[in-house]
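Descriptive analysis of the structure
In case you want the letters, here they are:
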Amino acid sequence: MKKPLTIAIDGYASSGKSTLAKDLAAKLGYIFIDSGAMYRAIALFAMEQDLVHEGQPKTTELIERLSTIDLAFQRHPETNSLTLTLNGEDISQKIRSKAVSALVSSIALIAEVRTKLVELQRAIGEKGGVVMDGRDIGTVVFPKAEIKIFVTANLSVRASRRQKELVSKELSTGLEEVQQNLEHRDLIDTTRENSPLKQAEGALLLDTTNHTRESQLEAVMKFIENHSTC
Ligand code: DC
């Protein structure tokens, strides 16, 4: 039997990474890990523990409390999906709020937060058979991943997709506000010193602007098949 692959997907906010990662995981029978959800969980923890001041994390206090944070993915065998728990609580819905989206990129700048989450991500993915999406998966978390994909899409298309997703979760927001949040996060994510978002060497560049869900999956499956026959 062939060794299960590690598939690293990075890209801009709302570029379609998670949809692609979920579809790939379902097709290959792999697990899907949304690493952004883990950064969102820390942002939620900071908010709930009063560790935010004027829109910014209280970094020193948050670092002191990191060891009290237990993040875990619970598997649902019937759907082969995972839900993220924070100290035992299912937080899958709460981490999608506007307030968490506004705070999360500042949380992701904290080196100690990154160290803790990268360690956890490596532990989850060490045996392969995983599709993980984020900002530094192909560059930092799994630099030796067999398959790397870098996802991008036009900003207004990304904003409109994200707004639809929020509306479907009854978290309605104006299109302009959504677009500003994406631009703001992309700027922080691409310009930070520690593990900035960038295309990993050898990554397939996938622009999803004019792709359907099916056609992007097909394009990536071709890339994986070519890799496997090399
Ligand atoms: O994928 P997302 O939009 O839910 O990610 C939320 C934020 O977390 C994103 O703005 C940057 C950060 N992040 C990161 O720094 N590294 C990752 N591997 C994943 C997410």
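Structure's up top.
Okay, so let's go over this structure. (Residues numbered from 1 in each chain as written. Predicted model: local features only at pLDDT ≥ 70, side-chain atom pairs only at ≥ 80, totals over all residues. Heavy atoms only, no water.)

To continue, consider the overall build of the chain. Looking only at helices and strands, the chain has 9 helices and 10 strands in total. For a compact globule of 230 residues, the expected C-alpha radius of gyration is about 17 Å, and the chain comes in at 17 Å, within 12% of that figure. Seen through its principal axes, the chain has C-alpha atoms that stretch 55 × 40 × 35 Å. For the chain, buried positions account for 46% of its 230 residues. Long-range pairs, those at least 24 residues apart, make up 73% of the contacts in the chain with a sequence separation of at least 6. Here the chain displays about 11700 Å² of accessible surface, and carbon together with sulfur accounts for 51% of that area. Taking the average place of the 29 positive charges on the side chains of the chain and the average place of its 31 negative ones, the gap between the two points comes to 4 Å. (Helix = DSSP H or I, 4+ residues; strand = E, 2+ residues; numbered from the N terminus. Rg over C-alpha atoms; globule rule 2.2 N^0.38 Å. Buried < 20%, exposed > 50% of the residue type's maximum accessible area, 1.4 Å probe, protein only. Contact = heavy atoms within 4.5 Å. Areas by Shrake-Rupley, 256 points an atom, 1.4 Å probe, with all protein chains shown as cover. Lys, Arg positive; Asp, Glu negative; His and termini not counted. Charge placed at Lys NZ, Arg CZ, Asp CG, Glu CD.)

With that settled, consider the nonpolar core. In terms of nonpolar packing, the biggest core is built from 36 residues, with Ile-42, Leu-62, Leu-71, Ile-107 and Val-113 touching the most fellow members. Here this core takes 9 residues from helix H2 (residues 35–48), the largest share from any one element. Excluding anything up to four places from it in sequence, Leu-71 contacts Met-38, Ala-41, Ile-42, Leu-84, Thr-85, Leu-86, Leu-117 and Leu-120. Residues Leu-5, Ala-21, Ala-25 and Leu-206 belong to the second largest nonpolar core, which totals 18 residues. (Core = buried A, V, L, I, M, F, W, Y, C linked by side-chain atoms within 4.5 Å.)

Taken in spatial order, the 3 strands make up an open sheet running S5-S6-S7, and their pairing is antiparallel. On the outer flanks of this sheet lie strand S5 (71–76) and strand S7 (89–90), each paired with one strand and no other. Pairing between S5 and strand S6 (residues 81–86): 6 bridges, direction antiparallel. Among the inter-strand pairings, Phe-73 is bridged to a residue of S6, identified as Leu-84. Helix-sheet contacts for H2 involve S5 and S6, and the interaxial angle to S6 is about 25°. (Pairing = 2+ DSSP bridges. Axes fitted to C-alpha atoms, helices over the stretch in contact; angles between N-to-C directions.)

Its 14 residues give H2 an end-to-end C-alpha distance of 20 Å, which sits within 8% of 20 Å, the value for a rise of 1.5 Å per residue. Summarising burial for H2: 11 of the 14 residues are buried, a large majority. Looking at H2, one finds that the buried residues are Ser-35, Ala-37, Met-38, Tyr-39, Arg-40, Ala-41, Ile-42, Ala-43, Leu-44, Phe-45 and Ala-46. The first or second residue beyond H2 is Asp-50, which carries a positive phi of 60°. (Expected span 1.5 Å × (residues − 1).)

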